[in-house]
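Structural characterization, general
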Amino acid sequence: MALPLPRSLSPSKVASFKDCALAFRFSAIDRVPEPPTPAATKGTLVHRALELLFCEPAEERTLPTALACLDRATEEVTVHPEFTGLRLGPEARADFVADAEALVRRYFRLEDPRTIRPIGLELMLEAKVGTLTLRGIIDRLELDEDGGLVVTDYKSGAVPRVTYEQSKLGGVHFYAFLCEQVLGRRPSKIQLLYLSEPVAIVAEPSDQSIRGLQQRTSAIWTAVEKACEREDFRPRPSRLCDWCSYQAYCPAFGGDPALAATAVAAPVVVPVSVAPVL
Ligand code: SF4
């Protein structure tokens, strides 16, 4: 019997399928919950703080305002299961918040938020391409000085090596395609703001990049359809396994994929040794 197709593709699902088809299956088809990680939750916290900052009038988007926004975001996030599930002790919690503050402070070395003209924050866009639904949430959509659209994606993880920069831009190219489909305008610029260094990786979408995105996404969807039809999602061991929550169900680690179906009701929590790169 064929497996059900996922309802949509997002940049993270596309990346997940390319990295390891079996991990994609556990996440997108079996919907096995993943335990929270400090790095991912810290990313959520910093994203929320910057979202709140851009809800303020332009002239008030200063560092003190950003730190006040971080305080508000911390109050929200620290009662959420994504945070409480981390079970951090007082010292680890203080380090967690201090790390988030360092990321917010470094953001100010990338740009002056008072000059940014946001028109969408945490903006969900969805487009149909044939039978496929593409979906994504854009951290920030803004207008440049010429009225062009700019797509900004914040990153709280490590900056990629130069050879990986293009592949890391895949997600924002995906958002550029969604903008063109939904809003009828191609962004003039897409950018990744890495808060850890801080570093901005910038690109301009073109006919070629949009065409390439469409072709790659269609090819991945065809591969997903085939894998579902044949129930054939193979493990692809790599260094990413160190951060994978599904080792307990993965044959590459002596696990049984059939147990994943029962994990939806009672997830197996697998400790991971190293923080993930977002
Ligand atoms: S442990 Fe590695 S090979 Fe197995 S599902 Fe996870 S990423 Fe794939």
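Here's a quick rundown of the structure. As the structure is a computational prediction, the values presented were derived from the model and not from experiment.

1. A few points about the sheet that holds strand β1 (residues 117-129)
Spatially, 5 strands are ordered β1-β2-β3-β4-β5 in an open sheet, and the strand pairing comes out mixed. In the strand order of this sheet, the two ends are held by β1 and β5 (199-203), each with one partner. Strand-to-strand twist of the sheet, defined as the mean angle between neighbouring strand axes without regard to direction, takes the value 35 degrees. In this sheet, strand β2 (residues 132-143) lies alongside β1 in antiparallel orientation, the contact comprising 11 bridges. The partner of K128 across the bridge, within β2, is T133. Against the sheet, helix α3 (residues 38-53) makes contact with β1, β2 and β3 (149-155), and its axis sits at roughly 120 degrees relative to β1, the strand it touches most.

2. Remarks on the nonpolar core
Here is a general trend for soluble globular proteins: nonpolar side chains tend to be buried in one another's company. If you look at the biggest cluster of nonpolar residues, it comprises 47 residues, and the most contacted ones within it are L9, F24, V151 and F233. If we skip the residues at most four places from it in the chain, V151 touches I138, R140, L141, V172, Y175, C179, P187, K189, I190 and Q191. Counting 24 residues, the second-largest nonpolar core is a separate cluster that includes A49, L53, C69 and F96.

Conventions adopted
- Residues numbered from 1 in each chain as written.
- Predicted model: local features only at pLDDT ≥ 70, side-chain atom pairs only at ≥ 80, totals over all residues.
- Heavy atoms only, no water.
- Pairing = 2+ DSSP bridges.
- Helix = DSSP H or I, 4+ residues; strand = E, 2+ residues; numbered from the N terminus.
- Axes fitted to C-alpha atoms, helices over the stretch in contact; angles between N-to-C directions.
- Contact = heavy atoms within 4.5 Å.
- Core = buried A, V, L, I, M, F, W, Y, C linked by side-chain atoms within 4.5 Å.
- Buried < 20%, exposed > 50% of the residue type's maximum accessible area, 1.4 Å probe, protein only.

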